[in-house]
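So you can see what is in the structure, the chains are spelled out below.
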Amino acid sequence: MHPPPAQRTATTPSAVRETLECRPEAAAHARHLTSTFLEGLRPAPDQGAADAVMLVVSELVTNAVRHSGGRFCSLRVSADPEAITIAVSDASRVPPHRRTPDVRGERGGFGWPMISGMATATTVSEEPGGKTVSAIIARRGRVSRRTTAAPTPG
């Protein structure tokens, strides 16, 4: 007997994957997919964790659309009992980096520090044809140790 397909449990890792066209509406579509995924998780993540996941998804997909120069990017959101992992792949090999935020709002600079601050870990992996940026968000509370990995040669 199999569990109902709509029910996702933390004991059985689950994920949602989607290839997105790099268009302005990609972030909204990614947020919708992620929201639906999070609603199906049992036990549900803390509200703060769910909010952080939604923000990280929005930022990473928006950055892929704005900066990758590619036609497509991909989103993968997965869950295990302790954390939710967001991974966005795109056609650029340039890793995200900290830069002085533009307080006038014209050139950004707020996203990567914000993602790094919310995530328990971030990684940037070189992939054939681009990179994957991943962030891990704790499902409950905040894990005290955060790591950031350098790009992995691919």
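None of the values given here were measured: they were computed from a predicted structure. (Residues numbered from 1 in each chain as written. Predicted model: local features only at pLDDT ≥ 70, side-chain atom pairs only at ≥ 80, totals over all residues. Heavy atoms only, no water.)

A. Representation of the packing of helix α1 (residues 26–40) against helix α2 (residues 47–67). Between α1 and α2, the shortest axis-to-axis distance is 9 Å and the interhelical angle comes to 150 degrees. On the basis of their axis angle, the class for α1 and α2 is roughly antiparallel. The handedness of the crossing between α1 and α2 is right-handed. Residue-level contacts link Ala26, Ala27, Ala30, Arg31, Thr34, Ser35 and Leu38 of α1 to Ala50, Val53, Met54, Val57, Ser58, Val61, Thr62 and Val65 of α2. A class-by-class count of the residues in the contact of α1 with α2 yields 10 nonpolar, four polar and one charged. (Axes fitted to C-alpha atoms, helices over the stretch in contact; angles between N-to-C directions. Helix = DSSP H or I, 4+ residues; strand = E, 2+ residues; numbered from the N terminus. Parallel < 35°, antiparallel > 145°, perpendicular 65-115°, else oblique. Left-handed = near helix turned anticlockwise from the far one by under 90°. Contact = heavy atoms within 4.5 Å. Nonpolar A, V, L, I, M, F, W, Y, C, P; charged D, E, K, R; others polar.)

B. Seen up close, the pairing of strand β7 (residues 130–138). Along β7, eight of the nine residues are buried, which leaves the element largely enclosed by surrounding structure. Pairing between strand β5 (residues 83–90) and β7: eight bridges, direction antiparallel. Paired with Ser89 across the bridge in β7 is Thr132. Strand direction decides the pairing type here: strand β6 (residues 121–127) and β7, joined by seven bridges, are antiparallel. What sits directly across from Thr123, in β7, is Ser134. Remark: two residues form the turn of the hairpin made by β6 and β7, two consecutive strands paired antiparallel; Gly129 in that turn has positive phi of roughly 85 degrees. (Buried < 20%, exposed > 50% of the residue type's maximum accessible area, 1.4 Å probe, protein only. Pairing = 2+ DSSP bridges.)

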